[in-house]
Amino acid sequence: MKLVLFGATGMVGSRIATEASARGHQVLAVSRSGRSPVPGVTATAADATDREKVAEVARGADVVASACVPPRDGSDPRGPFLALNEALVAGVRAAGVGRLMVVGGAGGLEVAPGQALSDQPGFPEAYLPEAHAHRDVLAYYRTLDDPDWTYVSPAAEIAPGTRTGRFRVDGDQFMTDDQGRSLISAEDYAVAFVDELERHEHPRARMSVAY
């Protein structure tokens, strides 16, 4: 399968590139720097906010994926991050690619029906702008029939760690372990992401991943 991956040099993107390449998929790693996150993986420079450039690099892909994150420069990320995803969708459509996978956030996961994690008392205020930006983007994807999208939410805590291949997958639900923690390594998140790339079990839906 040919995967064009935007945001490929970040913590999550680089691990998705690693996992997909190890499974034999052809990966084009796209970032503003144009660096390859994995030895042997082809890389190119492009900005996901440029729909014409997105279309150019995405043409011929089986799946486009985005591991882009909201701006973290202190400004409100909601508008810019939504605009990035709108440009990405426009470029994917222009390229004629039918599938788009998106690295999402955990803040919009439901702790109870209709109750998002980021709305709960004690949710860290510093993470609210990013959580709201991700929620806006998911709401946007839920209006789309084309391309066929999947939004992949991690656990509340995601960090570099170990690839175990053992985790749980759900839909909109916020998951915790027996100690009440919500964790996933970036490596295992990448395993789940590439599993979905291959299996396509969550068309036009959010899926969540946690231990």
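Everything below is about the structure printed above this text.
Scope of this entry: the structure provided in the associated data block. The model shown is predicted, which means the values in this text are computed figures rather than measured ones.

## Here's the deal with the sheet that holds strand 3 (residues 42-45)
- Taken together, 8 strands build an open sheet; the order of strands is 3-2-1-4-5-8-12-10 and the sheet is mixed. Of all the strands in the sheet, just strand 3 and strand 10 (168-170) have a single pairing partner and so form its edges. The average undirected angle you get between the axes of adjacent strands in this sheet is 20 degrees.
- Both strand 10 and strand 12 (residues 205-210) contribute to a ladder of 3 bridges, which runs antiparallel. Bridge pairing in strand 12 places D170 opposite S208.

## So, the environment of D76
- Among the secondary structure elements, D76 is positioned in the loop between strand 4 (63-66) and helix 3 (78-95).
- Taking the C-alpha atoms as reference points, D76 and E130, 54 residues apart in sequence, are found 8.5 Å from one another.
- For D76, the side chain forms a polar contact with the main-chain nitrogen of R78, separated by 3.0 Å.

## A word on the packing of aromatic side chains
- The final tally for this structure, using the stated rule, is 3 aromatic pairs.
- Ring geometry for Y140 versus Y141: centroids 5.4 Å apart, planes at 55 degrees, classification tilted.
- Residue classification places Y140 among the buried residues on the basis of a relative accessible area of 16%.
- We classify Y141 as buried; its relative accessible area is 0%.
- Taken together, a centroid distance of 6.1 Å and an interplanar angle of 35 degrees make the contact between Y189 and F193 tilted. A residue pair is termed a helical-turn pair when its members lie 3 or 4 positions apart in one helix, as Y189 and F193 do in helix 5 (residues 186-199) at 4 residues.
- With a relative accessible area of 0%, Y189 lands in the buried category.
- Connected via pairs of aromatic rings, a cluster forms that spans Y140, Y141 and W149.

## Focus: helix 4 (residues 128-141)
- The end-to-end C-alpha separation of helix 4 is 20 Å, in line with the 20 Å expected for 14 residues at 1.5 Å each.
- The inward-facing, buried residues of helix 4 contact helix 3, strand 5 (99-103), strand 8 (148-153) and strand 12.

## Some details on the packing of helix 1 (residues 11-22) against helix 5
- Running from N to C, helix 1 and helix 5 cross one another at 55 degrees; their axes reach a closest spacing of 8 Å. As judged from the angle between their axes, helix 1 and helix 5 are oblique. Judged by the sense of rotation from one axis to the other, the crossing of helix 1 with helix 5 is right-handed. Facing M11, V12, R15, I16, E19 and A20 of helix 1, the residues of helix 5 in contact are A186, E187, Y189, A190, V191, F193 and V194.
- When the residues that make up the contact of helix 1 with helix 5 are grouped by side-chain class, the tally is 10 nonpolar, no polar and 3 charged.

## As for the side chain of H202
- One can find H202 in the loop between helix 5 and strand 12.
- Setting aside its immediate chain neighbours within four residues, H202 contacts W149, T150, V169, D170, E196 and M207.

## So, the pairing of strand 8
- When you tally the buried positions in strand 8, you get 6 out of 6 residues, the bulk of the element.
- Taking every second residue as pointing to the same face, both faces of strand 8 are buried, with D148, T150 and V152 on one and W149, Y151 and S153 on the other.
- Across 5 bridges, strand 5 lies against strand 8 in parallel orientation. Within the sheet, the bridge partner assigned to R99 lies in strand 8 and is D148.
- Where strand 8 meets strand 12, 4 bridges bridge the pair, whose relative direction is parallel. Residue pairing in the sheet places V152 in a bridge with M207 of strand 12.

Rules behind the numbers
- Once a new chain begins, its residue numbering starts again from 1 and follows that chain's sequence as written.
- Given that the model is predicted, a residue must reach a pLDDT of at least 70 before its local features are reported, and side-chain atom pairs must reach 80 or more before they are shown or counted; all residues, however, enter totals for whole chains, interfaces and linings.
- Calculated side-chain values reflect all of the structure's heavy atoms, with hydrogen atoms and water omitted.
- Two strands qualify as a pair provided DSSP detects at least 2 bridges between them.
- Counting from the N terminus, the helices are DSSP H or I runs at least four residues long and the strands are E runs at least two residues long.
- Throughout, an axis means a line fitted to C-alpha atoms (over the contacting stretch in the case of helices), and angles, computed between N-to-C directions, take values from 0 to 180 degrees.
- N or O atoms closer than or at 3.5 Å make up a polar contact, with two conditions inside protein: a donor-capable atom paired with an acceptor-capable one, and, for residues adjacent in sequence, both atoms drawn from side chains.
- The criterion for an aromatic pair is that two Phe, Tyr or Trp rings (for Trp, the six-membered ring) have centres within 6.5 Å, with stacked assigned to planes under 30 degrees apart, edge-to-face to planes over 60 apart and tilted to the rest.
- Partly exposed residues are those whose accessible area sits between 20% and 50% of the maximum for their type, while under 20% is buried and over 50% is exposed, using a 1.4 Å probe and protein chains only.
- One fewer than the residue count of a helix, multiplied by 1.5 Å, yields its expected span.
- Here a residue-residue contact requires only that any non-hydrogen atoms of the pair lie within 4.5 Å.
- For classification purposes, an angle smaller than 35 degrees is called roughly parallel, one larger than 145 roughly antiparallel, one from 65 to 115 roughly perpendicular, and anything else oblique.
- Crossing handedness follows the turn of the near helix against the far one: under a right angle anticlockwise gives a left-handed crossing, and clockwise gives a right-handed one.
- Under the grouping applied here, Gly and all other residues not named as nonpolar or charged are polar, the nonpolar ones being Ala, Val, Leu, Ile, Met, Phe, Trp, Tyr, Cys and Pro and the charged ones Asp, Glu, Lys and Arg.

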